[in-house]
Amino acid sequence: MSPRRESLLLHAHSKPLLSADAIVRPGIGQVTLETPDFLCEIGGVGAGRLARILPALDGGRTIAELAADEHLSAAAMLRSLEPLADVGALIDIAAPFEEIGDLEFMDRVMQECRLRTRALFQQPFWQRLSAGSLPPPVVLGWGIEFAHFVESANAYMPLGIASCRAGAAMREAFARHYVEEAQHSEFFFAGLVRCGLRRSRLEAAPPLASTRALVNQLCEFAMMGAAPYAACFAVMQPTQEPADAGQVTAFFQDLRELYPFAAPLFDAFEGHAKIDIELGHEVTLFERLCRTGGLDAGERRIVLQVVASLVESFTLFFEGILDSYSKPGVAVPRRPVVIGV
């Protein structure tokens, strides 16, 4: 556990959001909360009550409301939940953000991004992928939809550059980032071709509606200005630490063994991930913006809305892949719609 710091749950009107990958294990007189990052033992209001309370921490209700449901005082609830805030297992999504400093706000946003994006990897798509139970159309469909997503950098990133009003230095950083990403979809199209798919069909295949919705949202946020645009990359790169190349290789090697027919696609994923490591993309445009210019209260409010909305769009993106490419007789790649005249 990390050194104790001031709790993020400051009052009865806080709205706690618990990490989506937390596993709650009731014990005698306490509850153990486990995530891939830490193990935390908490008590204070009874193991049975805590086991009921913790799964309900979805950011939708206040501490006072949660306590009332359990016939507890808000103070007792706070004492039990503070240790989770101390180790970063939950955040208060209703915490004031107007008066804190730029770097403190950045830390709060990145922590929220980490907690929200963890929910993505609890989805059936990712659970079945890691278990080796996805059928070939879904695995290849993932590659196709991800290629469309990466190609969309050529749609939303120029809009972000053109809409930037945060000064020449940030506009240059936006432009440099676009140059680094502009051709990366080629990794995935080439990998899919090596899996036996025809390039002409890949290019003609329309993206799923859920993929198009994600791209459209990125374009909308890009046109809203520097802060909403930069916040998109906080969601896409929430760790703030460089990935370990060895762990990247091990992850995709596991997938190659589970799905040998898609090995060239996983080679492409791995190659792209390692290029991002070399380019230092863990330092996001959002971090650069916070460190160089700062955001006013209105921009901060929009950033928090962008984070929540974009995570939801990524959730629908993966749900769309699993739902659409699991259908019997699905065409991979999808067939383009031709309207006669």
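Heads up: the structure comes first, above all this text.
How each quantity is defined
- Residues numbered from 1 in each chain as written.
- Predicted model: local features only at pLDDT ≥ 70, side-chain atom pairs only at ≥ 80, totals over all residues.
- Heavy atoms only, no water.
- Helix = DSSP H or I, 4+ residues; strand = E, 2+ residues; numbered from the N terminus.
- Buried < 20%, exposed > 50% of the residue type's maximum accessible area, 1.4 Å probe, protein only.
- Contact = heavy atoms within 4.5 Å.
- Areas by Shrake-Rupley, 256 points an atom, 1.4 Å probe, with all protein chains shown as cover.
- Core = buried A, V, L, I, M, F, W, Y, C linked by side-chain atoms within 4.5 Å.
- Salt bridge = Lys/Arg side-chain N within 4 Å of Asp/Glu carboxyl O.
- Phe/Tyr/Trp six-rings, centres within 6.5 Å; stacked < 30°, edge-to-face > 60°.

Student: Please explain the overall build of the protein as it appears in this structure.
Tutor: Summing up its helical and strand segments, the protein has 16 helices and five strands in all. Seen through its C-alpha atoms, the protein measures out along the principal axes to roughly 65 × 50 × 45 Å. The buried share of the protein, taken over its 341 residues, is 49%. Taking the intrachain contacts of the protein between residues at least 6 apart in sequence as the baseline, contacts between residues at least 24 apart amount to 75%. When the accessible surface of the protein is split by element, carbon and sulfur atoms take 55% of a total near 15,800 Å².

Student: Just checking my understanding: could you explain the nonpolar core for this structure?
Tutor: Side chains that are nonpolar tend, in soluble globular proteins, to be buried together. If you look at the biggest cluster of nonpolar residues, it comprises 77 residues, and the most contacted ones within it are F125, W142, Y156, F174, F266, F286 and I321. At twelve residues, the largest contribution of residues to this core is made by helix α16 (residues 297–325). With near-sequence residues (within four places) excluded, Y156 lies in contact with L218, C219, A222, Y229, F233 and M236. Grouped together as the second largest cluster of nonpolar side chains are 22 residues, I53, L54, L72 and L78 included.

Student: What exactly am I supposed to notice about the pattern of salt bridges here?
Tutor: Working definition: two side chains of opposite charge can pair if their charged atoms are close together. The final tally for this structure, using the stated rule, is ten salt bridges. The residue D69 makes a salt bridge to R61 at a minimum N-O spacing of 2.2 Å. Look at D69 and you get partly exposed, because its relative accessible area is 46%. Residues joined in a network through salt bridges with shared partners are R256, D267, E270 and K274.

Student: Explain the environment of A213 here, please?
Tutor: For A213, the location among the structural elements is in helix α11 (residues 209–223). Placed 103 residues apart in sequence, A213 and L316 show a C-alpha to C-alpha distance of 8.9 Å.

Student: Before we go on, may I ask you to explain the packing of aromatic side chains in this structure?
Tutor: One pair of aromatic rings is described through two measures. These are the centre distance and the angle between the planes. For the structure shown, the criterion picks out 24 aromatic pairs. Taken together, a centroid distance of 5.3 Å and an interplanar angle of 85° make the contact between F125 and W126 edge-to-face. Look at F125 and you get buried, because its relative accessible area is 1%. With relative accessibility at 14%, the residue W126 sits in the buried group. When the ring of Y259 is compared with that of F266, the centres are 6.4 Å apart and the planes differ by 50°; the resulting orientation is tilted.

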